[in-house]
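A closer look at the structure
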Amino acid sequence: KILAPMTKKIAPKVRKSLLDTAMKRLEKGERNWEAMLDVVQAGDPDALAEELRALASKLRRGDNADKSATVYALLLRSDRATDADRFALAVLELRKSAKDTRPALRHGDPALQRLSSLVSKGFDAATALRKDKSVELDDLYYVGFHFAESSHPLSGLGEDLLRHVADKGARTKVGKAAKNKLALVEGA
C-alpha cells in the first residue's frame, strides 16, 4: 500500500524483484502476492501479463489445472489478455465441466459461455479445439452438441465438431452419439 502511489517511480529492477517474488508465491499457492502484483501492474502491465501467461502455461502442462485456471483468470482481469488466453481458460473450464447436455445446465457452463463469446468475436474455436491435445472427443462432442442446438450462425460450428467426433471416434460410444446428433440436426 505504501508503494502503490509511487509505482511509476519504482526502479525497473525493484519491480522485477517484486514480480519474481509474487510469481513464486502464486505458483506455490502461498499468500501475499496480490499487493506485489498490483504494484507491478501499475508500473509495467505488459511484463506482468507475459509472466502470468508463462506461469499459467507452465502450470497447464503439469497437473495443476486449478492453479493454471486461477492464473489465467488473473490475466483476464487485465486489459492485456488475448483471445488465446481466453481460449486456454475455456479449455481448462471445459475439462472440469460436468458435460451435462441438458439445456438448463449447458446455459450456465462457464466454458461454453467463454467459447460462445470467443466465437462471436470471430475466433476460430473449432480449429483451436481440434488442435488442442488436452481436449478429448467427449469434450468436442459436448461443445458440438451445444453449438448444434444454438442459434443458426453457431450451429455450423456445432455440426463441424460433431462431424469431427463422428469421424475420429467412429466405433466408440461418443462417435455413435455424434452421428445420431448430426442426423437429428441435419434432418430438422
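Every value quoted in this text rests on a predicted model; they were computed, and no experiment measured them. (Residues numbered from 1 in each chain as written. Predicted model: local features only at pLDDT ≥ 70, side-chain atom pairs only at ≥ 80, totals over all residues. Heavy atoms only, no water.)

**Describing the packing of helix H9 (residues 137–148) against helix H11 (residues 173–187)**
- At their nearest, the axes of H9 and H11 sit 10 Å apart, and the two run at 10° to each other. The pairing of H9 with H11 is recorded here as roughly parallel in orientation. Read as a crossing pair, H9 and H11 show a hand that is left-handed. Here H9 contributes Leu-137, Asp-138, Tyr-141, Phe-145 and Ala-148 to the contact with H11, which in turn contributes Val-174, Ala-177, Ala-178, Lys-181 and Val-185.
- A per-class count over the contact of H9 with H11 returns eight nonpolar, no polar and two charged. (Axes fitted to C-alpha atoms, helices over the stretch in contact; angles between N-to-C directions. Helix = DSSP H or I, 4+ residues; strand = E, 2+ residues; numbered from the N terminus. Parallel < 35°, antiparallel > 145°, perpendicular 65-115°, else oblique. Left-handed = near helix turned anticlockwise from the far one by under 90°. Contact = heavy atoms within 4.5 Å. Nonpolar A, V, L, I, M, F, W, Y, C, P; charged D, E, K, R; others polar.)

**Observations regarding the side chain of Asp-109**
- Secondary-structure assignment places Asp-109 in the loop between helix H6 (103–107) and helix H7 (110–120).
- We note that Asp-109 is buried and unpaired, the nearest opposite charge coming from Lys-99 at a distance of 7.5 Å.
- A distance of 2.9 Å separates a polar atom in the side chain of Asp-109 from the backbone nitrogen of Ala-111.
- Setting aside chain neighbours within four positions, we find Asp-109 in contact with Ser-97 and Tyr-142. (Buried < 20%, exposed > 50% of the residue type's maximum accessible area, 1.4 Å probe, protein only. Lys, Arg positive; Asp, Glu negative; His and termini not counted. Salt bridge = Lys/Arg side-chain N within 4 Å of Asp/Glu carboxyl O. Polar contact = N/O pair within 3.5 Å; in protein donor to acceptor, adjacent residues only side chain to side chain.)

**Some words on the packing of aromatic side chains**
- A complete count under the given rule lists two aromatic pairs for this structure.
- When the ring of Phe-87 is compared with that of Phe-123, the centres are 5.5 Å apart and the planes differ by 40°; the resulting orientation is tilted. Of this pair, Phe-87 sits in helix H5 (residues 83–96) while Phe-123 sits in the loop between H7 and helix H8 (125–131), and the two are 36 residues apart along the sequence.
- Classification of Phe-87 by relative accessible area gives buried; the value is 8%.
- Sitting above the plane of the Phe-145 ring, Lys-181 keeps its charged end 4.4 Å from the centroid. (Phe/Tyr/Trp six-rings, centres within 6.5 Å; stacked < 30°, edge-to-face > 60°. Lys NZ or Arg CZ within 6 Å of the ring centre and 35° of its normal.)

**A word on the nonpolar core**
- The biggest cluster of nonpolar side chains holds 30 residues, and the ones touching the most others in it are Phe-87, Leu-115, Leu-129, Tyr-141, Val-143 and Leu-161.
- Every element with two or more residues in this core is listed here: H5, H7, H8, H9, helix H10 (152–168) and H11.
- Considering each element in turn, this core owes the most residues, seven residues, to H9.
- Excluding anything up to four places from it in sequence, Leu-161 contacts Ala-126, Leu-129, Arg-130, Leu-140, Val-143 and Gly-144.
- Judged by nonpolar contacts, the second largest core, of 27 residues, contains Val-39, Leu-55, Ala-56 and Tyr-72. (Core = buried A, V, L, I, M, F, W, Y, C linked by side-chain atoms within 4.5 Å.)

**A look at H5**
- A rise of 1.5 Å per residue sets the reference length of H5, with its 14 residues, at 20 Å; its end C-alpha atoms lie 20 Å apart and thus fit the reference within 8%.
- Here H5 has its buried residues at Asp-85, Phe-87, Ala-88, Leu-89, Ala-90, Val-91, Leu-92, Glu-93 and Leu-94.
- Summarising the contacts, the buried residues of H5 are in contact with helix H3 (45–61), helix H4 (65–76), H7, H8 and H9. (Expected span 1.5 Å × (residues − 1).)

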